[in-house]
Amino acid sequence: MAEAPPFPRTAPLAAEPLTEGSAAPPPLRPAGWLPALAVTGCVGAVLGYHGVAFADLAVFTVYAGLGLTLPGVLWVRVLYRRPHTLPEELALGLALGYAAEILCYLPARATGMPLLVAAWPMGTYAIFAAVPRLRAHCRRTRRARAPLWWSWCLALGVICLTLWIGTGYFADHPVALPPAAALPHLDMVARLMSHGPDGGPFGHDWFVHAHLAAASWITGVAPSVLLLRLAAPPMLAALVVLLAMAGRRFTGSRRQALAALAAAVFVAAPVLYTGDAAGVLAWTPPQEWATPAQTFGALLFAPLVVLLLDLFGDRPPGRGAWLVFAVLLAALAGAKAVYVPLLAAGLLAVVVVETVKWLAPPRRAVAALGLTACALAAQAALLGDAWQETAVRPLEFARASWAGLTGAADTAEAPMASLAGVAALGLLCGAITWSGVLGLVRRPRLLGRPPVVLALGMGAAGLGAVLLLGDPYLAQGDYLQAACPYLAMAAVHGLGCVARRAHVTFPAGLCAVLAGVAAACAVRWVFAVHVPLRPGAGELALYLPYLTLAGVVLAAGALLAATGQPRARVLALTLLLVTAAGTPAAWLGRALPVASPAVTAPAQPAGPGEVSGPAAGT
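Here's what I pulled together on the structure shown here. (Residues numbered from 1 in each chain as written. Predicted model: local features only at pLDDT ≥ 70, side-chain atom pairs only at ≥ 80, totals over all residues. Heavy atoms only, no water.)

1. Structural notes on the overall build of the chain
This is how it is decided: For the purposes of this entry, the term helix denotes a DSSP run of H or I that reaches at least four residues, the term strand denotes a run of E that reaches at least two, and both are numbered from the N terminus. Exposure classes here rest on a 1.4 Å probe applied to the protein chains alone. A residue is buried below 20% of its type maximum, exposed above 50%, and partly exposed in between. What makes two residues a contact is simply this: any of their non-hydrogen atoms within 4.5 Å.
Helix and strand counts for the chain come out as 24 helices and six strands. Looking at the chain residue by residue over its 618 residues, the buried ones come to 54%. Long-range pairs, those at least 24 residues apart, make up 80% of the contacts in the chain between residues at least 6 apart in sequence.

Printed below as a string of structure tokens:
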């Protein structure tokens, strides 16, 4: 039996090449540095405004640059042989630097010599200085070019996230008096600084605290300043670049990659209520710094997806990329517990689909799945009893959501019909947000591509975890949250494919988007359902807005079909309308005040940093 052929190119229909490398470095363009200077100025201004001393900022910047990013960049150039732009190299190098720092700090701390973590960057510089073949990689001889507008879009994304965290988390978490929510994180950092990981269980996700402990030992900056101020900006900047890299490899288009990036970092449930939604309707993006482990895990997971998309392509970057994959995977196992099981589920789906297609297992996917299985076993041994808090309890998340939406007591017994209804609401919100995936159904060849199967496999695993698992802190929701960026890529790719095939013009697409936003906002305004439900309000009020929106979508599709439009165009315009009724309408609903036609008391708005998405839009 013949072996399955290499996976096809990640984006076979893309008009622009995935790599734009040059053997000689292009001449330096001063305008190309303006986006980086804008990001640097914005981050410095935000940190300075929120009380970070210049000395702390300077010493941490030097450490992040010379102790984490530059050593990682050197090894990326040696092991990950593929042309990258300078921001891509820096983001990959920073992610690899974080992973190596943690894997070096833990044994150094266990032996009582925490400062030995500096052996990672110093050893890297010594090796590259001593080995002539490695010394050549200190100069960039191969680089990829990116258009200036692309660099500015990424810079604006980083600036938006910096301002978001500055007006939310920073404003609500002063360094001088850390709030109660930050104390457990500071306690973990203190324990890792004093006696290492043998001092007791640290929960599911504590590698980010090991990074903070190592950075505090090297720089002398207080852990509170690192946690509440300095640690977030470099992670957010690298995460934006890495998600854009993954999106471009997934879709084959820079424009679609930017749309996928926006859908990932600004993800929000299509809430058609006023007040504070809860549970299945309260989504948070992967970069929410209120839970540092979530951001850190997303940062380490994004380059793994980029590596997989390259390793599964027709031009793999070489065997050295597997070493980078293994190091990142080892760090991810303790950074955020939900990512390794999701990756295993996605890779298993790829192996099954490719084996069925080609009647032979794909070797690269099997190798990646084997490494992931080893990481999953190591994770189980590392976390130990921490897993015992999560057990199989179907619809536990729906039960908590029902209590939040109806205002019932947490101990109240929910009817099974109510649990099924709330779970259906959550599924409907997901279907609205990522309805663009249906655009791939008409193209089975694209639907069966490994990147799409990987994303859908992770999404299905995340959804299954939300519906079937129970956790005292509702941590099962993190599974779906972790898969959101890659579901967004699949949805944007499907929308792009169906719109391109149907020859949807820009004016027609814009009209469909505006109609979707207007329909969602109108339904929300007309029904004006406040959650938690007011006394005397029946649970049927929770479902009427969504049933009405579904009716509007069906009527719009029927109207388009009645005008004689081709089926492909009807599908494309309908999917654009439904997608716009999701995240875009949710953000607009949060920004605009809602004046109910009925007499209702407005809900108290959430303070900065309390709600990360437009779930509380009054």
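2. Examining the packing of aromatic side chains
In plain terms, the rule: Stacked, edge-to-face and tilted are the three classes for Phe, Tyr and Trp ring pairs, Trp counted by its six-membered ring, which pair at centre distances within 6.5 Å; planes under 30 degrees apart are stacked, over 60 edge-to-face, the rest tilted.
Applying the stated criterion across every chain yields a total of 13 aromatic pairs. Between W75 and F128 the ring centres are 5.0 Å apart and the planes differ by 80°, which places this aromatic pair in the edge-to-face class. Taken together, the residues span a long stretch of sequence, with W75 in helix α2 (residues 54-79) and F128 in helix α4 (residues 119-130) at a distance of 53 residues. Taken as a pair, W75 and F128 share a single burial class, namely buried. Centroid distance F266 to W587: 6.2 Å. Interplanar angle 90°. Geometry classified as edge-to-face. One end of the pair, F266, is in the loop between α11 (254-265) and β3 (274-275); the other, W587, is in helix α24 (residues 583-591), with 321 residues separating them in the sequence. Chaining the aromatic ring pairs together yields one cluster made of W164, F266 and W587.

3. Some points on the pattern of salt bridges
We count it as follows: The rule for a salt bridge is simple: a side-chain nitrogen of Lys or Arg has to be within 4 Å of a carboxyl oxygen of Asp or Glu.
This structure, assessed with the given rule, holds eight salt bridges. Residue E354 pairs with K357 through a salt bridge whose shortest N-O separation is 3.2 Å. Of this pair, E354 and K357 both sit in helix α14 (residues 339-358), three residues apart, which is roughly one turn of that helix. Look at K357 and you get partly exposed, because its relative accessible area is 40%. Note that R399 and E396 form a salt bridge whose closest N and O atoms lie 3.1 Å from each other. With R399 and E396 both in helix α16 (residues 396-406) and three residues apart, this pair spans about one turn of that helix. The network of salt bridges with common partners includes R82, R249 and D310.

4. Here's the deal with helix α6 (residues 148-172)
The test is simple: Expected helix span is taken as 1.5 Å per residue step, with the number of steps being one fewer than the number of residues. Fitting one axis to the seven residues ending at a residue and another to the seven starting there, the bend at that residue is the angle between the two axes.
Spanning 25 residues, α6 covers 35 Å between terminal C-alpha atoms, matching the ideal 36 Å at 1.5 Å per step. Of all the bends in α6, the largest measures some 35° and sits at G166. Every buried residue of α6 is listed here: W150, L154, A155, V158, I159, L161, T162, I165, G166, G168, Y169 and F170. Residues of α6 that are buried sit in contact with α1 (34-49), α9 (223-230), α10 (232-251) and α11.

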